[in-house]
Amino acid sequence: MCGIVGVLGNHEVAPILVEALKRLEYRGYDSAGIATVNKGTLSRRRAVGKLVNLSDLLVHEPLAGKSGIGHTRWATHGAPTVGNAHPHRAGSVAVVHNGIIENFKDLRADLGKRGISFETDTDTETVALLCESLIRDGHAPVDAARATVAQLDGAFALAFLIEGEEDLIIAARKGSPLAVGHGAGEMFVGSDAIALAPFTDQITYLEEGDFAVLTRTSLDVWDSRGDKANREKRQIQLDNARVDKDGHKHFMAKEIAEQPVAIDRALKAYCGADGDITLPDDLDFTKIDRLTMVACGTAFYACMVAKYWFEQIARMPVEVDVASEFRYREPPVADNTLALFVSQSGETADTLAALRYMEGKAKQIVGLVNVPESSIARESNVVLPLHAGPEISVASTKAFTCQLSILLMLALKAAQQRGIALPDGMPGDLRALPGLVHQSLAGEKQIASSARSLAKAQDIIFLGRGQLYPLALEGALKLKELSYIHAEGYASGELKHGPIALIDEKVPVVVLAPRDALFEKTVSNMQEVMARGGKVILVTDAEGAKLAGDGTHEVIIMPQVPDALAPILYAVPAQQIAYFTAIAKGTDVDQPRNLAKSVTVE
Ligand code: AGP
């Protein structure tokens, strides 16, 4: 997934392109580049690694011009090198691309037969070469671009810049989002409205298959059938303030620390002081027989936890699946199924594709997202805003605990609507959640010191039972994606069916186990680990520590918490373990290698 931007401006465009790319770095940061047309001449600057490297390059080798395109890359085809960095250029054509051209090998073969050579390993270069060859054959730039796009299979958001054309950007989208921003005598295009927020709040979202021609004073759009289309221009509410770290060393530290406030905001958005949970009017669980929840990564683990809540509290059958598997299973969809898609960014391609699979099949499509203007939000029947605030760090933390908080409220509301008594103390217990999360943050000093030994491990195992099993998966994911240490999450009871062969004194085992109904079972599994020399780090409450702390390598004591709130609370030590282990390893906490904040390719 990558971020693309284009500007037809009234001022030097290089700094504007870089500012927009800063807001798109969450989509990938393997390399970055811009191209401009200045006095008719097309030029490029590109750099490997983070955007700051491109900014440094532009200081030494500035690029003039008031028309330009830019790109921040997450490598799909071809290693992250300057040569493979976008914009790609062929003669008079420069292009930036988000997505994957699935038939690029065939297109390359055709171009090769015509004696056209390649400089890179990328699919995107093929797009530039194709367009350039059509211009050489006498086609006007817009017609050449249109004919090029017509030959592409796969997913793409494209922006073309043509030498000699100072007032023209051509754009096209299929499978990847693209927004056009209307300025005062200026025009912008970007992967999302967030990138354009500092310049305009007048946004036109291009639709699937749209082809667009931009000048400073006009936007012409043709739809997938080639007919002229009139796309709505709307004013959007977006916080265009640059988010900063508020004195924290990393965005991740800030976002972990923000969780009590973020969760409180999320709870208050749906639950009044009287404990009444209010959902959008057309969300009525009395008309729903089953729930299908689909997401990716951390958001998927939130769905896994919610499955326990909907089934145990609301007695509603729930299916959960990772988005990348879901639609290819081609699951039959029963009547009265509510499809719930959970996504922090709202742009995850796998989740969006799964949502589209459910269109016309599910009774209702609901999006739980942190970006109300996102693609998933715009394609849902009902949008449930996450209220987590901007989450910048690639590792999802406050979004995860806000997802859990809102999903728990949904399950409680579903039970109420279906006439099922709530667990003792609910929903009143929700009010204590922000304070409990605040208390659990206090464990960071102990975790920071134990992280130093964890950082030496080659393999780490996380265990959890019941609604804490998904937390074991989440803890392992956090650790993997931040410290690059191999980690696995298992259901505690599953360890003895094979994975216990991994256990020896070199393998730390993190056990997430509040003193709940399954605690004794988990203690047995812990004993099996310790009997084989495994080093157990037990995350539990005071009671659990008293009962099972002996013999463990370390005990991290959490506040006592009602069962249903435990998954939310125990997310914090899992996040802190990953964070401090990454610090001990010296990895890039906010932008770990090979990752991006929003995965907009399948
Ligand atoms: C979580 O820490 C990861 N960054 C990743 O698994 C993420 O949760 C996943 O890509 C889904 O992203 P989304 O919530 O924006 O859809």
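We now turn to the structure provided with this report. These figures come from a predicted structure and were not determined experimentally.

Core analysis: the largest hydrophobic core is formed by 99 residues, its most contacted members being W309, F310, L340 and L408. No other element matches helix α13 (residues 398–417), which puts 13 residues into this core. In contact with W309, other than residues within four places in its own chain, are A314, L404, L407, L408, A411, Q467, A564, P567 and I568. Of all hydrophobic cores here, the second largest spans 29 residues; its members include L130, L158, F160 and L168.

Before going further, it helps to examine helix α3 (residues 104–113). Those residues of α3 lying buried are F104, L107 and L111. Viewed along the axis of α3, the buried residues span an arc of 60°, placing them on a single side of the element. Turned more than 90 degrees off the buried face of α3, the exposed positions are K105, D106 and K113. If you follow the buried residues of α3, they end up packed against β6 (93–101) and α4 (123–136). Note on α3: the residue one or two positions beyond its end, G115, has a positive phi of about 80°.

Here the structure, examined in full by the defined rule, presents six aromatic pairs. Ring centres 6.2 Å apart and planes at 55° place the aromatic pair F211 and W222 in the tilted group. Remark: W222 occurs in strand β13 (residues 218–222) and F211 occurs in strand β12 (residues 211–215); sequence separation between them is 11 residues. Of the residues examined, W222 reaches a relative accessible area of 18% and is grouped as buried. Ring centres of F300 and Y301 lie 5.9 Å apart, and the angle between their planes is 55°; this geometry places the pair in the tilted category. In terms of burial, F300 and Y301 fall into one category: buried. The ring of Y357 is capped by K361, whose NZ or CZ atom sits 3.9 Å from the centre of that ring. R593 extends its terminal NZ or CZ atom over the ring of Y484, reaching a point 4.0 Å from the ring centre.

With parallel pairing, five strands are arranged side by side in an open sheet as β22-β21-β23-β24-β25. A single partner strand is all that each edge strand has here, and the edge strands are β22 (486–491) and β25 (554–558). Sheet twist, expressed as the mean angle between neighbouring strand axes with direction ignored, is 20°.

It is worth spelling out the sheet that holds strand β18 (residues 337–343) at this point. Strand order across the open sheet formed by five strands is β17-β16-β18-β19-β20, with parallel pairing between neighbours. With one partner strand each, in any of the chains shown, β17 (318–322) and β20 (382–385) form the two edges of the open sheet. Neighbour-to-neighbour, the strand axes of the sheet open up by a mean angle of 20°, direction not taken into account. With five bridges joining them, strand β16 (residues 290–295) and β17 adopt parallel strand pairing. For V294, the partnering residue across the bridge sits in β17 and is D321. On the sheet, helix α11 (residues 349–358) packs against β16, β18 and β19 (364–369) and is oriented at approximately 165° with respect to β18.

Cut-off values and rules
- Residues numbered from 1 in each chain as written.
- Predicted model: local features only at pLDDT ≥ 70, side-chain atom pairs only at ≥ 80, totals over all residues.
- Heavy atoms only, no water.
- Core = buried A, V, L, I, M, F, W, Y, C linked by side-chain atoms within 4.5 Å.
- Buried < 20%, exposed > 50% of the residue type's maximum accessible area, 1.4 Å probe, protein only.
- Helix = DSSP H or I, 4+ residues; strand = E, 2+ residues; numbered from the N terminus.
- Contact = heavy atoms within 4.5 Å.
- Arc of directions from axis to C-beta.
- Phe/Tyr/Trp six-rings, centres within 6.5 Å; stacked < 30°, edge-to-face > 60°.
- Lys NZ or Arg CZ within 6 Å of the ring centre and 35° of its normal.
- Pairing = 2+ DSSP bridges.
- Axes fitted to C-alpha atoms, helices over the stretch in contact; angles between N-to-C directions.

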